[in-house]
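Structural characterization, general
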Amino acid sequence: MKEEGGSFVEKVCIRFLGTSHGLPEKDRFCSCSLVEVGEKRYMIDAGAPVVALCVREGIDPQYISACFVTHMHGDHANGLLEFGDYMNYFRRNEPTPRFFLPEQAGVEAMLAWIKVVGGGIHRPALISAYAPGEIFSEEGFSVEARPSDHLKDRPSYSLAITAGEKRILFSGDISTSMTEFIAHAAAESWDAVVVEAAHNDLDVSAEILSVLDTRLLIVNHFSPRRNEGKFELMQKKLPFASALAFDGAVFEL
């Protein structure tokens, strides 16, 4: 906790475990982030290798309270399989994280995988599919799913998070035009917006993103082949602070 105005509030951080685009790079793994509120942790997307990425940062995955997946593409979801197996078999007597997936087919596939590789379901598997709207709420943390236009025939979402006294928006994957994302993102104030950079050119996107009301813009899901050198160009055009995420980066809000 830290003191603000005579009262104590929980410290809120965003920790990036994996920051690459659709494929891992030499120094970047696929999309996986943690929002940390005091001692509690919540995972946003689960690109592989989730368990190894946590261990590399000195974090035991069993103490992650919940995992939220923005859409069921492998670079955002393949780590669910190892995470589920880890909790089902190796940590079967420990607290159970909750998993929130955007498709019921993903829930069924994850359960089937856990059963096969673990020799059965050894503990209750708290895995559920979600729809637009508030999908999770507990003291000090809530998540709202907002449809994105990344996928045309399957659900994909941006996630609006209230963490302690902070407001954070994860874009998930979005369209090149960012039309649907900007429509809702620009209508609110944020402490941090995490935006992907695998499906758009950062120097061009700067003008679109400049309408946001945020203290900090963090670029994630970075594709060097598409955006090498363009982040610096984008920074010069934005009216607020910005940063490029990398594996292991931590931002305190």
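All of the points below concern the structure found in this document. Owing to the predicted nature of the structure, the values given are computational and were not obtained by experimental measurement.

1. Considerations on a nonpolar patch on the surface
Taken together, Trp113, Val116 and Val117 make up a surface patch of nonpolar side chains, about 300 Å² in accessible area. Along the chain, Val117 falls in helix 4 (residues 104-118). Overall, Val117 belongs to the partly exposed group, its relative accessible area being 38%.

2. So, the sheet that holds strand 5 (residues 40-44)
The sheet built from seven strands is open, its strands ordered 8-7-6-5-4-3-18 with mixed pairing. In this open sheet, the two strands that pair with only one neighbour each are strand 8 (127-129) and strand 18 (250-252). Neighbouring strand axes in the sheet, compared pairwise and without regard to direction, differ in orientation by 20 degrees on average. When strand 6 (residues 64-68) meets strand 7 (residues 98-101), the two strands line up parallel, connected through three bridges. Paired with Ala66 across the two strands is Arg98, which belongs to strand 7. Against the sheet, helix 4 makes contact with strand 7 and strand 8, and its axis sits at roughly 160 degrees relative to strand 8, the strand it touches most.

3. Concerning the sheet that holds strand 12 (residues 166-170)
The pairing of strands in a sheet comes from backbone hydrogen bonds and takes either a parallel or an antiparallel form. What the seven strands build is an open sheet, ordered 9-10-11-12-14-16-17; its pairing is mixed. Here the strands that pair on one side only, and so sit at the sheet edges, are strand 9 (133-138) and strand 17 (241-244). Here the average twist between neighbouring strands, direction ignored, is 20 degrees. Bridging between strand 12 and strand 14 (residues 192-197) involves three bridges; their strand directions are parallel. In the strand pairing of strand 14, Leu169 is matched with Val193. Sheet strands in contact with helix 8 (residues 230-237) are strand 16 (216-222) and strand 17, and its direction is about 170 degrees off that of strand 17.

4. A short note on the environment of Ala243
Tracing the sequence through the fold places Ala243 in strand 17. Placed 109 residues apart in sequence, Ala243 and Glu134 show a C-alpha to C-alpha distance of 28 Å. With sequence-adjacent residues up to four places away left out, Ala243 is seen in contact with Leu216, Leu217, Ile218, Val219, Phe231 and Phe251.

Conventions and cut-offs
- Residues numbered from 1 in each chain as written.
- Predicted model: local features only at pLDDT ≥ 70, side-chain atom pairs only at ≥ 80, totals over all residues.
- Heavy atoms only, no water.
- Patch = residues over 30% accessible without salt bridge, like charges linked within 9 Å, V, L, I, M, F, W, Y side chains within 5 Å.
- Areas by Shrake-Rupley, 256 points an atom, 1.4 Å probe, with all protein chains shown as cover.
- Salt bridge = Lys/Arg side-chain N within 4 Å of Asp/Glu carboxyl O.
- Helix = DSSP H or I, 4+ residues; strand = E, 2+ residues; numbered from the N terminus.
- Buried < 20%, exposed > 50% of the residue type's maximum accessible area, 1.4 Å probe, protein only.
- Pairing = 2+ DSSP bridges.
- Axes fitted to C-alpha atoms, helices over the stretch in contact; angles between N-to-C directions.
- Contact = heavy atoms within 4.5 Å.

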